[in-house]
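In case you want the letters, here they are:
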Amino acid sequence: MFTKILIANRGEIACRIIRTCQRLGIKTVAIYSTVDQEALHVKMADEAYLVGEAPPHDSYLNMGKILDVAKASGAQAVHPGYGFLSENAGFARLCQESSICFVGPDPDVMEQVGDKICSRKLARKAGLPILPGTDEAVANEHAATKAWELGFPLMVKAAEGGGGIGIHIIDSQEELMPLIERTRQIAESAFGSSRLFFERYLKDASHIEVQLIGDQHGNLVHLYERDCSVQRRNQKLVEETPSTAKLTPRLRRRVCSLATKLGNFIGYTSTGTVEFLVTADGSVFFLEMNTRLQVEHGVTEMVTGLDLVELQLRVAAGEKLPITQDDVSVNGHAIEVRVYPEDPETFMPDAGDITDLHQPVGEHIRIDSALCNGYTVGLDYEPLMAKIMAWGEDRGQAIKTLQRALLEFRLEGVKCNVPLLRDVLATKEFMAATHHTGSMPIWIEEFQIRGQKKCANGKMRKNGNGHKNGYKNGQANGHKSGQENGEREIAAAIGVSLAMGMKSAQPMAPAAFSPWRLYGRREQLLSRTLGNRGWQ
C-alpha cells in the first residue's frame, strides 16, 4: 500500500479521498489554485501546494505542474477523483513515465472506453445490446442523410463527452443543423474536440448504472446497480440503490451480468461504471462506461459497507481484491441528492460567500461536501457544492430520512436547489418509483403551476436559503401567456447576472475562461429560443 498520495482535485471529492487516506494512515498532498487557498481540502491534507491561477488549464488541468508537485513531495501515486484529469489517458501515461502510479485503469483501456464511438463498438463486440446509431463521427455534409436513415427523434452526442455535456435531442430535420452546430461548439470548448455521432433517442427510459471494481490479477466484481433517472439537462440530480422498486430480480441480474461481461472483455481494473438505458418493458441498451470514481459512489458504500476509495487504492497498489462476488451484498436502501448553487426559479448559477451554514447530522445521514462558513462559491469549476445521502431499511424509510435532512439543511449567502430537490422527492412518481429520464421537465412544469397558484393567493414560497421564490409558468390559471412568461424568465435571468456582477464594489479584471461557466451561460440563453433539450 502507498504511504503518500497526491490528490489531483478539489472540493468535496478531494476531502472524501483524504478521509479514507487518514483512516488508512496514508499521507496526503493537496493541490490548489489561487482561489482555493483557504479551501477545506487544503486544510485537511498533510501538505498543500499552489499549482496556478483559477482557470482550470492553469491549475487543476496543468499536468506538468501537478507532476512536478508529485515528484517534489515524494508522492507515490496520484488520485484524480472525478472530473478534471480523471479520464485523461495522456495524463495517466505521463504518470507512468514518471514512475508515479495513476489511481485508475490502464490508459489504453481508458482511451478506448472514453471515446463514445469506440465504446459502442467494444460493447457490441462484447455482446451488449446498443442503441441504433452511427459507428463513425458525423460530418456536416452527411448529417442530413445519416439522420434520415436513423429516424427522429435522435440524439447528437459529443464523442469525447462526459458528465452529460454535449448531448442534444433532435426532433426534426429543421432542428438538425442548428443543434449540430451548437453541440460542436460546446464539445470543442469543453473537451477540445468537435467530433459528434448520432444515437437513436429512447423516450421515457430509466438510467441504470452498474458499479464495477477490478484488480490487476484478473478479478472483477460488481457492486450492484444504481438508478440515476432524475436528471435535468442530462445532469444527474438524484441517485439511489438498489433499484428493486423499479426492476425485477431477473432484470437486475441481467444488467449486472452485462456490465461484468464488458468489464471482463476489456480487462478492466480499478473502479468503473457501466451505464444503461432500461425501458418499461425490460429492454436494456448500453449507454457508456465511465472509467473513474463516480460522484454517486457514496450510496453504493452505504448499502454494501465497502469503501470504494480504499478498494481503488489497494488495486492500484497491485493488491488482489479483498472480496469476491459472493462477499458483496446489499443491505437496505440509500438515496443521494446533489446540491448546486443555482437559482431554483431561473436555474441560473449563483456565486458568493456562504455567510451561514447548517448541515444536518444524525443516524443514517451522510454529507460529502467542502462547505464551511466563509466558503466562496465561484464559477470557475464544476458547481457541485454538496451531496446529501440517507440510508433506510427500505426505500420508503430512506426517502423520509432524506426529506428530513433537506428540511434541516440551511445555507445563507448563495442560492441553491434544495427546494427543487424537496419537491422532487415528494412527487407521486418518485415515491412510487415510476419516474424516468423524461420526468424532470414534467415535474418542473407542475412545480411552476403550483407556485403560480400560491402567488395568486398572496403567498410566497421560501426556498430555505434566505430567498423567497414563486415559480412561474406560462398560461397557469390563465394569468400569463407563454410569451409574456418567457419575457419574465429572460428578465429574471438578466437580473440575476447583473446582481452577481454587482456583488463586488471594486473593479474586476475580465473573468478567465471557464468551460463550465461558458457551457452554463450558453445553455441558459439558447434554451430560451430552442427549448429544453435534455433527457425527455
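Just so we're clear, the structure is a prediction, and the values are computed from it rather than from any experiment.

Undergrad: Describe unusual backbone geometry, listing the residues and the values that go with them.
TA: Going from F152 to P153, the amide bond is cis rather than trans, its omega being -5°. Considering the arrangement of structural elements, one finds P153 in the loop between α7 (140-150) and β6 (154-162). Cis geometry marks the peptide bond from T241 to P242; its omega dihedral reads -5°. Secondary-structure assignment places P242 in the loop between β11 (235-241) and α9 (249-266). In this structure, R233 takes a positive phi of about 55° despite not being glycine. One can find R233 in the loop between β10 (220-232) and β11. In this structure, A433 is a non-glycine residue whose phi angle is positive, near 60°.

Undergrad: Before we move on, can you summarise the packing of aromatic side chains with the specific residues and values?
TA: Applying the stated criterion to the full structure yields four aromatic pairs. Where Y60 meets F84, the ring centres are 5.2 Å apart and the plane angle is 25°; that geometry is what we call stacked. Taken together, the positions of Y60 in the loop between β3 (47-52) and α3 (63-73) and F84 in the loop between β4 (77-79) and α4 (89-97) put the pair 24 residues apart, joining distant regions of the chain. Residue class for F84 comes out partly exposed when judged on its relative accessible area of 26%. With a centroid separation of 6.1 Å and 75° between ring planes, the pair formed by F84 and Y381 is classed as edge-to-face. Of the two residues, F84 sits in the loop between β4 and α4 while Y381 sits in the loop between β18 (376-377) and β19 (386-392), which places them 297 residues apart along the sequence. A cation over a ring is seen here: R232 above F347, with NZ or CZ 4.0 Å from the ring centre. The residue whose ring lies beneath R395 is F430, and the NZ or CZ to ring-centre distance is 4.6 Å.

Undergrad: How would you explain helix α8 (residues 173-191) if you had to name every residue and give the values?
TA: The terminal C-alpha atoms of α8 lie 26 Å apart, and with 19 residues this matches the ideal 27 Å at 1.5 Å per residue to within 8%. Residues E175, L176, L179, I180, R182, T183, R184, I186, A187 and S189 constitute the buried set of α8. Positive backbone phi, approximately 75°, marks G192, located one or two places after α8.

Undergrad: Would you mind going over the sheet that holds β19 in detail, with residue names and values included?
TA: On the basis of which strands lie adjacent, the open sheet formed by eight strands has the order β13-β12-β9-β10-β11-β14-β19-β17 and antiparallel pairing. The sheet is open, and its two borders are formed by β13 (284-290) and β17 (365-369), each paired with just one other strand. Taking the axes of each pair of neighbouring strands and ignoring which way they run, one obtains an average angle of 25° across the sheet.

Rules of the game
Residues numbered from 1 in each chain as written. Predicted model: local features only at pLDDT ≥ 70, side-chain atom pairs only at ≥ 80, totals over all residues. Heavy atoms only, no water. Helix = DSSP H or I, 4+ residues; strand = E, 2+ residues; numbered from the N terminus. Phe/Tyr/Trp six-rings, centres within 6.5 Å; stacked < 30°, edge-to-face > 60°. Buried < 20%, exposed > 50% of the residue type's maximum accessible area, 1.4 Å probe, protein only. Lys NZ or Arg CZ within 6 Å of the ring centre and 35° of its normal. Expected span 1.5 Å × (residues − 1). Pairing = 2+ DSSP bridges. Axes fitted to C-alpha atoms, helices over the stretch in contact; angles between N-to-C directions.

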